[in-house]
Amino acid sequence: MWRDALLVAGKDLRIEVRSRVATNQVAPFALLVLVLFAFALDPDRGVLTRAAAGLFWVAVLLSALLAVQRAQTVESAEGTGDALRLSGLDPAGIFLGKAGAVVVQLLALELLLGVGVVVLYGVDPSGWATLAATAVAATMGLAAAGTLYGALAAGSRVRETLLPLLLLPAVAPVLIAATRASEAALGTGGLDVASGDWLALLSVFAVVYVAFGVVAFGPLMEEQ
Amino acid sequence: MTTETSTSDIAEKDRSTGDPSGPGPIGPTSGGPLTLSLGLAAMVALGATLVLGLTLPATVEQGDYSRLIAIHPGVAWASYIAFGMTALASVLWLWPRTRSGHWDRVAGASAEIGVVFTALTLATGSIWGRATWGVWWVWDARLTLSALMLALYLGYLALRRVPASPDVRARRSAVTALLAVTVVPLNHFAVTWWRTLHQGRSMAQIDPGNDLDGAFIGAMLLGLLAMTLVYAWLLAQRVRVARLEDEAEEATLAQAIVERRREAAVV
Amino acid sequence: MDDVVRLRSAVCLLGRFPALAGVDLVVPKGETLLVRGANGAGKTTLLRALAGLVPVVGGEAQVLGCDLRRDRRAVRRRVGLLGHSAALYDDLTVADNLRFWSRAARSPTPDLAGAMARLGLDGRLAGVPAARLSAGQRRRSALAVLVARSPELWLLDEPHAGLDAAGRDVLDDLVRQVTAAGATVVLASHELDRAAALATRSVTVAGGRMVDDGACVSDIVEGPSQPEPVHVA
């Protein structure tokens, strides 16, 4: 399973490196979202700084949608879906590999967005250890849920519109928990539940979705 | 599974375990006596709830709107039952020994009814909120959770409408339903921690807890009973219609095979 | 068991459409079977069913000793399917694609360079992204993947389509070579001249059934199967 996961993740990342969709389109899109928030909200830095954590995670969520859709498109083009089923790869490995590739891309993107938030919104990046832990846990949950819902929506002609409808309400806890944990780390949130509790919620979410994906991906892949 | 049949077992697969009420291969075109009595009981309970609810006294703080207690908790309760039933039926479909098209139909029908009840919960909740809080919507933990549930199950129903073979659709839907029911508690924690700590207002505290006299409790309990009966009755009817639809489609399968073979003669 | 494929009254549904409406077919080991038939007769579905991709919902189906009705995944690693479209990732090079698919299949001794040379894909073409290949070159790349995987059962859907004369010769040589080495080939084709010369036997599909099964089928199946009554009221 792990060998197959590494193989698939390596393949997906190699495709992203070669095609440059992530660097040339998704990353600029995410940064653009940050700039749009600045246009929409009061350019007075107070508002942006206070809302920075939430805006950051909304930008990540929108980019995650793009990344997941992209990971699905790669497999639905020209018979590669059939070939993947015929290849004898462990479905659980395929799931972990595809989700892992999305995690790597999103973490890189979050680093970029983090710099963007510091520069554009004037956020003071203290408590970086908590921030990093939050980012890792939240991203794993997002990637696992996205890959799973991507497989559920795959093969339907309304894939592009169905995926957000399925994914966004499901990852609402990630958005809430990641935002609160980041606020706690940045000190912009006021009195709140300790960031440890939010981290625990994020970890539970990630574990639940990874477990679900490992079990359910095989049967779901069987469909066209 | 016998090795003799090639096509008949496809059509028969569903029928072996499926049907709870109708004896024939194609069920009766209207509900059986059980469904009928369920419907009557639901109507009586609903009528009684209405009468009792309207005769409740108006409270000082909320005025006439306090009578929503006869409706709102019952509707919310029914939506939880409905989604619980969807999850249960999905598990029963996924479990190989109980797998049958019946459970897929139950899961889909229950989710449809659950979505209606959730929408009603949000509507009655925000009407009540307008009276109590002065605004149509507040980011109350329970209201937010209901809104998220509505979105989750709208997605589930959208996925069910994607054309696919019955088996594929059933598997996909069952997995989605289980995911949805797993997300609900996670959403619950997230929303509760988020809201209740920011503004100490939630339904639990806003509910007219102190002046809940017997009449109010009675009306609420009667409302719960009435909505449960209405749910059960709607479910029975919806599942029956779904079964008739499936059977109509299956009836064409034998015909389709004959027609497919006939193509050979034309060529 | 010497029969690589054994189908009896096999039924496959595409949605609710019975693309295969009761197929009887036996293919012994080492045979090169040509499947003929008009467009829409069910040739592609037959090959996909044999590959374990399309579920067989009625009748009996065994491929390489695996019961497709019980577990159709077991057979997949051992068959190679050349479909209408080459399964290539457009952004990866030919060599990358070949390496990924042969690693995925855990080929024991993948001779990737040999496979590419065999199909004329060595040299400059190996480093070209698949998106920039011509249709014929994609076809060759897909065949190279099969060569590297060396399956026991080759399922070739219109293998000659899109190939130039040299490519067709390479393909024919390849088929003769692998069957001599003990593999079995089932190919669906409209190019009867070319394919018939290659095949050791041919069958015709029409309306989702075999219409002129060869002699060895009637030995096993007692008479043509009739559509069984489906119980509906």
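Residues numbered from 1 in each chain as written. Chains lettered and ligands numbered in written order. Predicted model: local features only at pLDDT ≥ 70, side-chain atom pairs only at ≥ 80, totals over all residues. Heavy atoms only, no water.

> For the overall build of chain C, give the residues involved together with the corresponding values.
Scanning chain C from terminus to terminus reveals seven helices and ten strands. Across the 233 residues of chain C, 58% fall into the buried class. Contacts in chain C between residues at least 24 apart in sequence constitute 69% of all its contacts with a sequence separation of at least 6. Carbon and sulfur atoms make up 51% of the accessible area of chain C, which amounts to about 9100 Å² in all. (Helix = DSSP H or I, 4+ residues; strand = E, 2+ residues; numbered from the N terminus. Buried < 20%, exposed > 50% of the residue type's maximum accessible area, 1.4 Å probe, protein only. Contact = heavy atoms within 4.5 Å. Areas by Shrake-Rupley, 256 points an atom, 1.4 Å probe, with all protein chains shown as cover.)

> Now, about the sheet that holds strand S1 (residues 3-14) of chain C: what can you tell me, with residues and values included?
Residue and element names in this part refer to chain C. Pairing within the open sheet is antiparallel, and its four strands lie in the order S2-S1-S4-S5. Two strands lie at the open edges of the sheet, namely strand S2 (17-28) and strand S5 (66-67), each paired on one side alone. Note: strand S4 (residues 56-63) against S5, two bridges, orientation antiparallel. When the sheet's bridge partners are listed, Val63 is paired in S5 with Cys66. (Pairing = 2+ DSSP bridges.)

> Break down the packing of helix H3 (residues 72-94) of chain B against helix H5 (residues 141-161) of chain B for me, with residues and values.
Residue and element names in this part refer to chain B. For the pair H3 and H5, the least separation of the axes is 12 Å and the interaxial angle reads 40 degrees. Crossing handedness for the pair H3 and H5: left-handed. Contact residues: H3 offers Ser79, Tyr80, Phe83 and Thr86, while H5 offers Leu145, Met149, Tyr153 and Tyr156. For the contact of H3 with H5, the class distribution of residues is six nonpolar, two polar and no charged. (Axes fitted to C-alpha atoms, helices over the stretch in contact; angles between N-to-C directions. Left-handed = near helix turned anticlockwise from the far one by under 90°. Nonpolar A, V, L, I, M, F, W, Y, C, P; charged D, E, K, R; others polar.)

> Go over the sheet that holds strand S3 (residues 32-36) of chain C, please, and point to the residues and values.
All names here are of chain C. Here we have six strands laid out as an open sheet, ordered S6-S7-S8-S3-S9-S10, and mixed in their pairing. Sheet topology places strand S6 (79-82) and strand S10 (209-210) at the edges, where each strand pairs with a single neighbour. Pairing geometry for strand S9 (residues 201-206) and S10, over two bridges, is antiparallel. Within S10, the position partnered with Val205 by the bridge is Met210. Packing of helix H1 (residues 43-50) onto the sheet brings it into contact with S3, S6, strand S7 (153-157), strand S8 (184-188), S9 and S10, and relative to S7 it is tilted by some 155 degrees. In the packing of helix H4 (residues 135-149) onto the sheet, the strands contacted are S6 and S7, and the crossing angle to S6 comes to about 175 degrees.

> Residue-level account of the packing of aromatic side chains, with values.
Ring pairs (aromatic) are described by centroid distance and by the angle formed between their planes. Here the structure, examined in full by the defined rule, presents ten aromatic pairs over all chains. A ring pair is formed by Phe100 of chain C and Trp101 of chain C, whose centres lie 4.9 Å apart and whose planes are at 65 degrees; its orientation type is edge-to-face. The same class applies to Phe100 of chain C as to Trp101 of chain C, namely buried. Put simply, the rings of Tyr149, Phe205 and Tyr209 of chain A pair up and form one aromatic cluster. Above the face of the Phe100 of chain C ring, Lys11 of chain A is positioned so that its terminal group lies 5.3 Å from the ring centre. Geometry around Trp93 of chain B places Arg99 of chain B over its ring, the cationic atom sitting 4.2 Å from the centre. (Phe/Tyr/Trp six-rings, centres within 6.5 Å; stacked < 30°, edge-to-face > 60°. Lys NZ or Arg CZ within 6 Å of the ring centre and 35° of its normal.)

> Before we move on, can you summarise the pairing of S7 of chain C with the specific residues and values?
Walk down a regular strand and you will see the side chains alternate between the two sheet faces. Residue and element names in this part refer to chain C. In terms of burial, S7 is largely enclosed, as five of its five residues are buried. The alternating pattern of S7 places Leu153, Leu155 and Asp157 and Trp154 and Leu156 on opposite faces, both of which are buried. The pairing of S7 with S8 spans five bridges and is classified as parallel. Bridged to Leu155 within S8 is Val186.

> Explain the confidence of the model for chain C to me, using residue names and the numbers behind them.
Averaged over all residues, the pLDDT of chain C is 82; the fraction at 70 or higher stands at 90%. Predicted confidence is poor over residues 214-233 of chain C, with pLDDT under 50, and the contacts of this stretch with residues over four places away or in other chains come to 35 contacts. (pLDDT = per-residue confidence, 0-100.)

> With reference to specific residues and values, describe the nonpolar core.
Of all hydrophobic cores here, the largest spans 160 residues; its most connected members are Tyr121, Tyr149 and Tyr209 of chain A together with Leu156 of chain C. No other element matches helix H3 (residues 45-76) of chain A, which puts 14 residues into this core. The residues contacting Leu156 of chain C, other than those within four sequence positions of it, are Leu47, Leu82, Leu146, Leu171, Val175, Val185, Val186, Leu187 and Ala188 of chain C. Counting residues in hydrophobic clusters, the runner-up holds 36 residues, among them Leu33, Val35, Ala51 and Val205 of chain C. (Core = buried A, V, L, I, M, F, W, Y, C linked by side-chain atoms within 4.5 Å.)

> Kindly report on H4 of chain C, identifying the contributing residues and their values.
Spanning 15 residues, H4 of chain C covers 21 Å between terminal C-alpha atoms, matching the ideal 21 Å at 1.5 Å per step. The element H4 of chain C is largely enclosed, with a buried count of twelve among its 15 residues. Residues of H4 of chain C that are buried: Gly136, Arg138, Arg139, Arg140, Ser141, Ala142, Leu143, Ala144, Val145, Leu146, Ala148 and Arg149 of chain C. On its buried face, H4 of chain C is in contact with helix H4 (80-86) of chain A together with S6, helix H2 (94-104), helix H3 (112-118), S7 and helix H5 (165-180) of chain C. Looking at the residues trailing H4 of chain C, positive phi occurs at Ser150 of chain C, about 40 degrees. (Expected span 1.5 Å × (residues − 1).)

> Quick rundown of the interface of chain C and chain A? Include the residues and the values.
On the chain A side, the residues contacting the 26 residues of chain C number 28 residues. Across the chain C/chain A interface, buried area totals approximately 2400 Å², and carbon plus sulfur atoms make up 54% of it. The largest share of the area that chain C buries against chain A comes from Tyr89, Asp91 and Phe100 of chain C, three residues that together contribute 23% of it. Connecting chain C to chain A are four salt bridges. Arg14 of chain A is paired through a salt bridge with Asp96 of chain C; the nearest N and O atoms lie 3.4 Å apart. For the pair chain C and chain A, the interface holds ten residue pairs in polar contact (both at pLDDT 80 or more). For the side of chain C that touches chain A, the secondary-structure elements that each account for two or more residues are S6, H2 and H4 of chain C. Among the elements that line the side of chain C that touches chain A, the one with the most residues is H2 of chain C, at five residues. Looking at side-chain class alone, the side of chain C that touches chain A contains 13 nonpolar, two polar and eleven charged residues. (Buried area = accessible area lost by both parts, 1.4 Å probe. Salt bridge = Lys/Arg side-chain N within 4 Å of Asp/Glu carboxyl O. Polar contact = N/O pair within 3.5 Å; in protein donor to acceptor, adjacent residues only side chain to side chain.)

> Please give an account of the interface of chain B and chain A that cites residues and values.
Listed by partner, the interface residues are 27 residues for chain B and 30 residues for chain A. Taken together, the two surfaces of chain B and chain A that pack against each other cover about 2500 Å², and 80% of this comes from carbon and sulfur. Its largest share of buried area at the contact with chain A, chain B owes to Leu179, Leu186 and Trp193 of chain B, together 24% of the area lost on that side. At the boundary of chain B with chain A, the tally comes to zero salt bridges. Those elements that provide at least two residues to the side of chain B that touches chain A are H5 and helix H6 (166-198) of chain B. At 18 residues, H6 of chain B tops the list of elements feeding residues into the side of chain B that touches chain A. A per-class count over the side of chain B that touches chain A returns 20 nonpolar, five polar and two charged.

> Residues and numbers for the environment of Arg171 of chain B, please.
Residues and elements named next belong to chain B. Tracing the chain through its elements places Arg171 in helix H6. Among the residues examined, Arg171 registers a relative accessible area of 18% and is labelled buried. As a C-alpha pair, Arg171 and Ser90 span 81 residues in sequence and 8.5 Å in three-dimensional space.

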